[in-house]
Amino acid sequence: MAALAMVVALAAFGGGESATAAPTAPPSNTADPKIQGVPEEGETLTGELGKWKGTDPITYSPQWQRCNASGAACVDIAGATSPTYQLKAEDVGRTIRLRVTATNKDGSATATSRPTGVVKAASAAAPRNTSAPSVAGTATVGQTLTGNEGAWQGTAPFQFAFQWQRCDKDGNACANISGATAKTYRITSADAGNTLRLRVIASNSAGSTTAFSRPSAIVSGGTQPPPPPPPPSGGPAGQIKLPSGETSIPDSSVSLPNRFIISRFRFTPNPLRSRAQTITARFRVTDTRGYVIRNALVFVTPLPYGWTTQPAETLTNTNGWAQVQMRAKQALPRRGAIVMFVRARKHGDNILAGVSSRRLVQMLVSLG
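Residues numbered from 1 in each chain as written. Predicted model: local features only at pLDDT ≥ 70, side-chain atom pairs only at ≥ 80, totals over all residues. Heavy atoms only, no water.

### A few points about the overall build of the chain
Moving on, step 1. Within the chain, the regular secondary structure consists of one helix and 28 strands.
Moving on, step 2. In terms of overall size, the chain is more extended than a compact globule, its C-alpha atoms giving a radius of gyration of 37 Å where 368 residues would be expected to give roughly 21 Å.
Moving on, step 3. Principal-axis analysis of the C-alpha atoms places the extent of the chain at approximately 145 × 40 × 40 Å.
Moving on, step 4. Looking at the 368 residues of the chain, the share that counts as buried comes to 36%.
Moving on, step 5. At a minimum sequence separation of 6, the contacts of the chain that also span at least 24 residues come to 63%. (Helix = DSSP H or I, 4+ residues; strand = E, 2+ residues; numbered from the N terminus. Rg over C-alpha atoms; globule rule 2.2 N^0.38 Å. Buried < 20%, exposed > 50% of the residue type's maximum accessible area, 1.4 Å probe, protein only. Contact = heavy atoms within 4.5 Å.)

And the structure:
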C-alpha cells in the first residue's frame, strides 16, 4: 500500500518516467542547399539554404566555396558568407559550391550544394560613354586646348583616338582639322570666329563607340574670314528682295557653271536627349553667287539606316530653308552622332548632275 501511494504522489506532481517532455534533436538536412544564377564572371549567384529539421530555433551560416572544374578540392572563399556571391576573375575555370551550417541548442550539422557549372569569363562589352568628353582652355588664337576623354563603361582595356573638329559659331557644320589628333590642340588663325570640339573614339575587343565634347566658346583673335560678296546687280529672273537684304531666286534661275550650296543647317534639339523627342532638321540652300534659292528639292538620308525614320524630299521656302522631321528608333544608341547625307537639286536635274549639291552633316545623341 505504501508503494502504491508513492507512485500516485509522483504522478500528481508530474515526476517520474510517466511525464511527456518536448522532443529535442540537432539539425538534420532533408534537402540540400541549391545555387541559382549564371556561372559567368561578374554575375551574381543566389543560394538557397535547403530544408532542415530539428529543435527550433535553427540558425544558418552560409559559406561559398571555390572548387576545381570537377567540383572537388573545395576551399572557403574568404568573406563570402552572405546569401549571394558575385563571381570574380579568379573563379573563371572553377566551380562554386555553397556550404550551409545549421545550428540549434542541441548541436549543428552541415550540408553542401551541388557544384555550379564551370565559371566562364565575362562576355566582352563594347565601350559605352557615361560622361561626355570635355575641353579645357581659353578659346583664343595661339592658346592650347586640352581634351579629356570622359568616362566610359565596358570591358577594359580601352584605346582612345582623338580628333579635333572646327565648327561654325553655333557648334554645327563640324569638320575634322587635318592632323589634329593629339589630346591637346593649339588654336590657329583659321579657327577665328568658329567653335572647336573634340571627338573621341573608344575601342576595345568588343567594338568601338564615338562621343563628342560640347563646342568651345567662339574663338577670338586672329583674322576672321571676310563675309561673302553680295550678289551682283541685275541678275536672274524671279528675284525677291528679303528683309535681311539678301535676294531670293527660284531654283530654275540657276544654271551651270553656278551651283547650289547647302550653306547652313540647324538641328532641334541638339543634342538629342530622348528617343521620344521629334528631330527637326533645317537646311538652307544658296548658290555660288550668293543668291538664296527657293523651291529647291532637298532630300535627307539619316545614317546608319534604322536609327531614325526616313523623311521625304521637301522644298526650300522663300528664305531658302527646307525643314524635315524624323523620329528616333529603338536601335539608336545612347551616345554618338546621327550622320545625315543631304542633297539639294534643281527640278528636272539628276541628284548627281546639273547644279546639285551634296553635304554630310551630323547631330549629337546623348540620351538620358
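### Re the packing of aromatic side chains
Moving on, step 1. As enumerated under the stated definition, the model contains eight aromatic pairs in all.
Moving on, step 2. Residues W152 and F160 carry aromatic rings whose centres are separated by 6.1 Å and whose planes lie at 50 degrees to one another, so their mutual orientation is tilted.
Moving on, step 3. Judged by its relative accessible area of 12%, W152 is buried.
Moving on, step 4. Each ring, one from F158 and one from F160, has its centre 6.2 Å from the other, and the planes form 50 degrees; the classification is tilted. (Phe/Tyr/Trp six-rings, centres within 6.5 Å; stacked < 30°, edge-to-face > 60°.)

### Considering the side chain of S253
Moving on, step 1. Looking at the element boundaries, S253 is found in the loop between β20 (247-250) and β21 (260-268).
Moving on, step 2. For S253, a relative accessible area of 16% corresponds to the buried category.
Moving on, step 3. S253 has contacts with P236, A237 and R289, leaving out every residue within four places of it along the chain.

### Quick look at the sheet that holds strand β2 (residues 34-36)
Moving on, step 1. With respect to topology, three strands assemble into an open sheet ordered β2-β3-β7, the strand pairing being antiparallel. In this open sheet, the two edge strands, each paired with only one partner strand, are β2 and β7 (84-86). Taken pair by pair, the neighbouring strands of this sheet meet at an average axis angle of 25 degrees, ignoring direction.
Moving on, step 2. In the sheet, strand β3 (residues 44-48) pairs with β7 via three bridges, with the strands oriented antiparallel. Bridged to T44 within β7 is Q86. (Pairing = 2+ DSSP bridges. Axes fitted to C-alpha atoms, helices over the stretch in contact; angles between N-to-C directions.)

### Here we look at the environment of V285
Moving on, step 1. When you line up the elements, V285 lands in strand β22 (residues 278-287).
Moving on, step 2. Between the C-alpha atoms of V285 and L297, which are twelve residues apart in sequence, the distance is 9.5 Å.
Moving on, step 3. Excluding residues that lie within four positions of it along the chain, V285 makes contacts with F260, I261, V292, I293, A296, V298, T316, G320 and A344.

### Description of the sheet that holds strand β11 (residues 134-136)
Moving on, step 1. The strand order across the open sheet built from three strands is β11-β12-β16, with neighbouring strands paired in antiparallel fashion. Two strands in the sheet have a free side with no partner beyond their single neighbour: β11 and β16 (184-186). Averaged over all pairs of adjacent strands, the angle between strand axes in this sheet comes to 25 degrees, irrespective of strand direction.

### Some details on the state of the cysteines
Moving on, step 1. Summed over the entire model, instances satisfying the criterion amount to two disulfides.
Moving on, step 2. Across the disulfide from C167 sits C174; the S-S distance is 2.1 Å. Between C167 and C174, the disulfide has an S-S torsion of 105 degrees and is therefore right-handed.
Moving on, step 3. Along the chain, the cysteines that take part in disulfide bonds pair up as 1-2, 3-4, counted in sequence order. (Disulfide = S-S within 2.5 Å.)

### A closer look at the nonpolar core
Moving on, step 1. Core analysis: the largest hydrophobic core is formed by 31 residues, its most contacted members being F283 and M340.
Moving on, step 2. Looking at this core, the elements with two or more residues in it are β21, β22, β24 (297-303), β26 (321-327), β27 (335-345) and β28 (357-366).
Moving on, step 3. Setting aside residues up to four positions removed in sequence, F283 forms contacts with I262, R264, F265, F267, V300, G320, W321, A322, V324, M340, V342 and V361. (Core = buried A, V, L, I, M, F, W, Y, C linked by side-chain atoms within 4.5 Å.)

### Focus on the pattern of salt bridges
Moving on, step 1. Considering all chains together, one arrives at ten salt bridges under this definition.
Moving on, step 2. Across the pair E246 and R284 runs a salt bridge whose closest N-O atoms are separated by 2.9 Å. Of the two residues, E246 sits in the loop between β19 (240-241) and β20 while R284 sits in strand β22, which places them 38 residues apart along the sequence.
Moving on, step 3. For R284, a relative accessible area of 6% translates into the label buried. (Salt bridge = Lys/Arg side-chain N within 4 Å of Asp/Glu carboxyl O.)

### Let's talk about the environment of M363
Moving on, step 1. Relative to the helices and strands, M363 resides in strand β28.
Moving on, step 2. Between the alpha carbons of M363 and R97 there is a distance of 51 Å; along the sequence they are 266 residues apart.
Moving on, step 3. Residues contacting M363, with those up to four places away along its chain left out, are F267, P269, N270, L272, I279, G336, A337, I338 and M340.

### Some remarks on unusual backbone geometry
Moving on, step 1. The amide bond that connects L256 to the next residue, P257, takes the cis arrangement and shows omega of 15 degrees.
Moving on, step 2. Tracing the backbone through its elements, the reader meets P257 in the loop between β20 and β21.
Moving on, step 3. The residue after T268, namely P269, is reached through a cis peptide bond having omega -5 degrees.
Moving on, step 4. Mapped onto the secondary structure, P269 falls in the loop between β21 and β22.
Moving on, step 5. The phi torsion at A173 lies on the positive side, around 55 degrees, for a residue other than glycine.

Purely spatial values, then, with no claim about function.
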